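# Observations on the model geometry
Residues per chain are reported as follows:
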Amino acid sequence: MAWDFETDPEYQKVLDWADEFVRNEVEPLDLVFPHQQFVPLEGRRREAIEPLKQEVRHRGLWATHLGPELGGQGYGQLKLALLNEILGRSQWAPVVFGCQAPDTGNAEIIAHYGTEEQKKRYLQPLLDGELFSCYSMTEPHAGADPTMFKTRAVRDGDDWVINGWKFFSSNATTASFLIVMAVTNPDVSAYQGMSMFLVPTDTPGVKIERSIGLYGDPPGTGSHALIHYDNVRVPADALLGGEGQAFAIAQTRLGGGRIHHAMRTIGLARKALDMMCERALSRQTQGSRLSDKQFVQGYIADSYAQLLQFRLMVLYTAWEIDKYNDYKKVRKDIAAVKAVMPTVLHDIAWRAMQVHGALGVTDEMPFMGMITGAAVMGLADGPTEVHKATVAKQVLRDYQPSTDVWPSEWIPRKREAAVAKYAEYLEHEVGNL
Ligand SMILES: Cc1cc2nc3c(=O)[nH]c(=O)nc-3n(C[C@H](O)[C@H](O)[C@H](O)COP(=O)(O)OP(=O)(O)OC[C@H]3O[C@@H](n4cnc5c(N)ncnc54)[C@H](O)[C@@H]3O)c2cc1C
């Protein structure tokens, strides 16, 4: 009997420290340095944030998603989930703890597929939190279906020359390098004909046409770039992994990234539930507190149950990843987590907002940002519909069609079989069945 829902006391102490540290030291950064997590540290920001990173390192909590060979603790996904749900409260926390998306996923694939030279050049500074990276895959005409991508890399002597357009390349303006997915062989299927390249952002021909903001972002703070790769020439050793390996690399990257988002979403949704409960207990109307109204009790109960279901699902999936050490084996559950995640955050944040009345929809409370965040989760790393299709296909693999026109659970046939099986006990009762 190995089922156990308890956190070991030693690690719980670590989590308690992280919780207090994030609430007291890191969450305030969201207010004093908003939208600047991915801007390389300098000046006063470096002075304020570097000691916090040092404290995290000192506690052994820096980049815990990585194995010891890469400077992390090798805690595995389950422990990471418990930590990440604390970090999810704050935009800055993942950066302060060295585990922010998209850099975690990018670091993972360089660690997995990179040459020693690539690791030295890109991975180490990424792990040290000294530079940022960008994953440049989606194109203006196609996102959810990567087989439609057109950006082309052509071999020219010792170089590759990349041409094409990429859309929604997050953090491109502050990233030191881009991981670009491009067609290298148009004559074979996309699954064999695309490759990944490591491209320094200052390479001639990398033209960031504009940086797009999400709804509600202050003007000028957009961070999702439309990029024109215009005859971008990179040496042969810019290829990440083998030629034609882009799909395999993308799956490695997105599997980890998706579950890490889900872990942090637990923290954000819990923050919304906390706020909902505090407000319900604080506000009086029509002779009683909001917490005494059955509608509001329903909001709280539904939110609590939805969060608990989601949390168990995420922790279970994290446990599976640790157990199998292979994202592919856990694809169904990662996709299921990804598919329900936007709804969980949306529903809880929406109810919390409603309970706060007019104040809830203002820019003095964080609910609208959470709801936008939920919408983003339904798209980034693939739309919900595509993940649901993945879940359904994987689930269906375990089933067979019925052998005749009647379902296998068709009661008349089952009853007939049951009666035959227990005939000797039913002599006197069969007439009543
Ligand atoms: C905040 C944010 C950050 C992002 N960051 C990055 C990044 O760093 N790098 C990067 O490369 N990309 C990034 N993306 C892009 C993201 O991966 C794409 O938005 C996503 O893959 C969907 O592609 P699309 O927007 O082109 O939508 P489309 O592919 O045009 O799909 C539009 C809609 O069609 C429906 N649909 C699509 N396919 C199916 C299907 N098979 N079955 C049923 N319905 C379907 C869905 O409703 C879907 O939302 C980011 C997106 C967001 C919102």
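This is a predicted model, so every value here is computed, not measured.

Analysis parameters
Residues numbered from 1 in each chain as written. Predicted model: local features only at pLDDT ≥ 70, side-chain atom pairs only at ≥ 80, totals over all residues. Helix = DSSP H or I, 4+ residues; strand = E, 2+ residues; numbered from the N terminus. Buried ≥ 20, exposed ≤ 12 C-beta atoms within 10 Å, placed from the backbone. Near = placed C-beta within 6 Å. Nonpolar A, V, L, I, M, F, W, Y, C, P; charged D, E, K, R; others polar. Expected span 1.5 Å × (residues − 1). Pairing = 2+ DSSP bridges. Core = buried A, V, L, I, M, F, W, Y, C linked by C-beta atoms within 7 Å. Contact = placed C-beta atoms within 7 Å. Domains from an automatic or database assignment. Axes fitted to C-alpha atoms, helices over the stretch in contact; angles between N-to-C directions. Parallel < 35°, antiparallel > 145°, perpendicular 65-115°, else oblique. Left-handed = near helix turned anticlockwise from the far one by under 90°.

## A closer look at the overall build of the protein chain
Helix and strand content of the protein chain: 14 helices and ten strands. Projected onto its principal axes, the C-alpha coordinates of the protein chain cover approximately 90 × 65 × 40 Å. Looking at the protein chain as a whole, 39% of its 433 residues are labelled buried.

## Comments concerning the site of the ligand
By nearness alone, 21 residues border the ligand, and Met-137, Gly-143, Ala-144, Ser-170 and Pro-383 come closest of all. Among the secondary structure elements, those contributing two or more residues to the shell around the ligand are β1 (133-136), β3 (159-170) and α13 (384-396). Among the residues forming the shell around the ligand, the class breakdown is twelve nonpolar, seven polar and two charged.

## Describing helix α10 (residues 331-355)
A rise of 1.5 Å per residue sets the reference length of α10, with its 25 residues, at 36 Å; its end C-alpha atoms lie 37 Å apart and thus fit the reference within 8%. At the exit of α10 stands Gly-357, carrying a positive phi of roughly 60°.

## Things to note about the pairing of strand β4 (residues 177-183)
Most of β4 is tucked away, with seven of its seven residues classed as buried. Because side chains alternate across β4, one face comprises the buried residues Phe-177, Ile-179, Met-181 and Val-183, and the other comprises Leu-178, Val-180 and Ala-182, equally buried. By the bridge criterion, four bridges tie β1 to β4 in an arrangement that is parallel. For Ser-136, the partnering residue across the bridge sits in β4 and is Val-180. Of the pairings in the sheet, the one linking β4 to strand β5 (residues 194-200) comprises seven bridges and is antiparallel in character. In the strand pairing of β5, Ala-182 is matched with Ser-195.

## A word on unusual backbone geometry
For the peptide bond that leads from Ala-101 to Pro-102, omega is 0°, which places it in the cis range. Along the chain, the position of Pro-102 falls in the loop between α4 (93-96) and α5 (103-113). The phi torsion at Gln-286 lies on the positive side, around 45°, for a residue other than glycine. Structurally, the position occupied by Gln-286 is in the loop between β9 (284-285) and β10 (288-289).

## Concerning the nonpolar core
With 106 residues, the main nonpolar core has Val-180, Phe-197, Val-199, Ala-272, Leu-345, Ala-349 and Ala-352 as its most contacted residues. Ignoring sequence-local partners within four residues, the contact set of Val-199 consists of Phe-177, Leu-178, Val-180, Val-206, Val-232, Val-234 and Ala-238.

## Re the domain arrangement of the protein chain
It is common to report an interface's size as the accessible area lost on association of the parts. Parsing the protein chain into structural domains produces domain 1 (9-100), domain 2 (133-240) and domain 3 (248-396). Between the C-alpha centres of domain 1 and domain 2 there is a distance of 29 Å. The interface of domain 1 with domain 2 comprises four residues on the first partner and five residues on the second. Partitioning the side of domain 1 that touches domain 2 into residue classes produces three nonpolar, one polar and no charged.

## What to know about the packing of α5 against helix α6 (residues 116-127)
At a minimum axis separation of 10 Å, α5 and α6 run at an interaxial angle of 150°. In terms of their interaxial angle, α5 and α6 are classed as roughly antiparallel. The hand of the α5/α6 crossing is left-handed. Contacts between α5 and α6 pair Asp-103, Asn-106, Ala-107, Ile-110 and Ala-111 from the former with Gln-118, Lys-119, Tyr-122, Leu-123, Leu-126 and Leu-127 from the latter. Of the residues that constitute the contact of α5 with α6, the class distribution is seven nonpolar, two polar and two charged.

## Quick look at the packing of α10 against helix α12 (residues 367-377)
Closest axis-to-axis distance for the α10/α12 pair is 8 Å, and the angle between their directions is 165°. Overall, the two elements α10 and α12 adopt an arrangement that is roughly antiparallel. For the pair α10 and α12, the crossing hand works out as left-handed. Taken together, the residues of α12 that come into contact with α10 (itself represented by Met-341, Pro-342, Leu-345, His-346, Ala-349, Trp-350, Ala-352 and Met-353) are Phe-367, Met-370, Ile-371, Gly-373, Ala-374, Ala-375 and Met-377.

## Description of helix α3 (residues 76-87)
Here α3 contains twelve residues, and its C-alpha end-to-end distance of 16 Å stays within 8% of the 16 Å for a straight helix at 1.5 Å per residue. Taking burial as the measure, the twelve residues of α3 include eleven buried ones, the bulk of the element. Buried within α3 are the following residues: Gln-77, Leu-78, Lys-79, Leu-80, Ala-81, Leu-82, Leu-83, Asn-84, Glu-85, Ile-86 and Leu-87. Those residues of α3 hidden inside the fold are in contact with α1 (9-32), α4, α8 (246-282) and α9 (294-324).

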